[in-house]
Amino acid sequence: MMQNTNQENSPEKMQEKTRQVSRWHKFETQEAINQATLTRILAAANEAIANRGRFSIVLAGGSTPKSVYALLKDAKADWSNWHIYHNDDRCLPVDSSERNSLMARTTWLDHVAIPANQIHDIPAELGNVEGARAYTKTLAGVPQFDLVLLGLGEDGHTASLFPNQPVDNSSDAVPVFDAPKPPADRITVSQQRLSNTREVIFLVTGAGKQEAVNNWRNGLDIPATLISPENGVDVYCFGVKF
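These numbers come from a predicted model, not from an experiment.

## Focus on the overall build of the protein chain
Moving on, step 1. Check the secondary structure of the protein chain and you find 6 helices and 10 strands.
Moving on, step 2. At 17 Å, the protein chain has a C-alpha radius of gyration in line with the 18 Å of a compact globule built from 242 residues.
Moving on, step 3. For the protein chain, the C-alpha atoms occupy an extent of roughly 45 × 40 × 35 Å along the three principal directions.
Moving on, step 4. Every one of the 242 residues in the protein chain was classed for burial, and the buried ones make up 50%.
Moving on, step 5. Put simply, of all contacts in the protein chain between residues at least 6 apart along the chain, 75% involve residues at least 24 apart.
Moving on, step 6. With an accessible surface of roughly 10,700 Å², the protein chain has 48% of that area assigned to carbon and sulfur atoms.
Moving on, step 7. Side-chain charges of the protein chain comprise 23 positive and 28 negative groups, with the mean position of each set lying 3 Å from the other.

## Points about the packing of helix α1 (residues 30-52) against helix α2 (residues 63-72)
Moving on, step 1. The interhelical angle for the contact between α1 and α2, taken along N-to-C directions, is 60 degrees, at an axis separation of 9 Å. Put simply, α1 runs oblique to α2. Relative to α2, the crossing made by α1 is right-handed. For the pair formed by α1 and α2, the contact residues are Gln30, Asn34, Gln35, Thr37, Leu38, Ile41 and Leu42 on the first element and Thr64, Ser67, Val68, Leu71 and Leu72 on the second.
Moving on, step 2. Class assignment of the residues belonging to the contact of α1 with α2 gives a composition of 6 nonpolar, 6 polar and no charged.

## Here's the deal with the pairing of strand β8 (residues 186-189)
In summary, the side chains of a regular strand alternate between the two faces of the sheet.
Moving on, step 1. Burial along β8 is two-sided: the residues Arg186 and Thr188 and Ile187 and Val189 are all buried.
Moving on, step 2. With 3 bridges connecting them, strand β5 (residues 88-90) and β8 associate as antiparallel partners. Bridge pairing in β8 links Asp89 to Ile187.
Moving on, step 3. Pairing analysis gives 4 bridges linking strand β7 (residues 173-176) to β8, with the strands arranged antiparallel. The residue of β8 that forms the bridge with Pro175 is Ile187.

## Let's talk about the side chain of Thr197
Moving on, step 1. Inspection of the secondary structure assignment puts Thr197 in the loop between α5 (191-195) and β9 (200-205).
Moving on, step 2. In this structure Thr197 comes out as buried when scored by relative accessible area, which is 1%.
Moving on, step 3. Within the structure, the side chain of Thr197 is placed 3.2 Å from the backbone oxygen of Phe145, a separation counted as a polar contact.

## Overview of the sheet that holds β8
Moving on, step 1. A sheet is described by the order of its strands in space; here 3 strands give the open sequence β5-β8-β7, paired in antiparallel fashion. Strands at the two margins of the open sheet, each flanked by one partner only, are β5 and β7. Mean inter-strand twist for the sheet, computed between neighbouring axes without regard to direction, equals 20 degrees.
Moving on, step 2. Packed on one face of the sheet, helix α4 (residues 128-139) meets β7 and β8 and runs near 165 degrees to β7.

Analysis parameters
- Residues numbered from 1 in each chain as written.
- Predicted model: local features only at pLDDT ≥ 70, side-chain atom pairs only at ≥ 80, totals over all residues.
- Heavy atoms only, no water.
- Helix = DSSP H or I, 4+ residues; strand = E, 2+ residues; numbered from the N terminus.
- Rg over C-alpha atoms; globule rule 2.2 N^0.38 Å.
- Buried < 20%, exposed > 50% of the residue type's maximum accessible area, 1.4 Å probe, protein only.
- Contact = heavy atoms within 4.5 Å.
- Areas by Shrake-Rupley, 256 points an atom, 1.4 Å probe, with all protein chains shown as cover.
- Lys, Arg positive; Asp, Glu negative; His and termini not counted.
- Charge placed at Lys NZ, Arg CZ, Asp CG, Glu CD.
- Axes fitted to C-alpha atoms, helices over the stretch in contact; angles between N-to-C directions.
- Parallel < 35°, antiparallel > 145°, perpendicular 65-115°, else oblique.
- Left-handed = near helix turned anticlockwise from the far one by under 90°.
- Nonpolar A, V, L, I, M, F, W, Y, C, P; charged D, E, K, R; others polar.
- Pairing = 2+ DSSP bridges.
- Polar contact = N/O pair within 3.5 Å; in protein donor to acceptor, adjacent residues only side chain to side chain.

These figures come from the coordinates and say nothing about function on their own.
Structure (structure tokens):
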């Protein structure tokens, strides 16, 4: 069962003063949110490939995205036209279990026929400055994303856009220093580039996210509200109240 509500937010500090339009969807079980996300990803892919010949998706880390990726592993899709990107990653070795790229590969990407040159990991093992520079080159010339997946931290962060840190839109991928959660060094796709997409789905699960959801819906300035694509964002929720 899913319930929908619409809401707009306009934090005073939001870059470019763009109002975020958010559509809220409540699910009654973890399985329901996983299946709904799977269904929407596959539908978005079919639509993009039919209309533009390619599907560009930006992946998120976290337990709920991992559950969705496990479902995608067994899905039928035109994998040859999928292009994979990441919204952020931690500056750790390639084989670290804490790397978002490794999780996506072992759970899903290593098991489907997406061409290797269409899977674009963030080279965070190079360090935050060099890795961000390299990923900015990767993103150069990439058209508008079709779908961006994002999570929500208990502090309201999304990707590696954290509270009380300056918003850096100097390039498409930017280094993060002194992240409040370890490791301190990370790389994130910028707020403006994440907003340059046809569709966004936030995946929000667990009672620990309640305060962040309350702040978001009450119009407070949290990083999640910085993501403001023209078509708005969809927030899929399980385990929080509104």
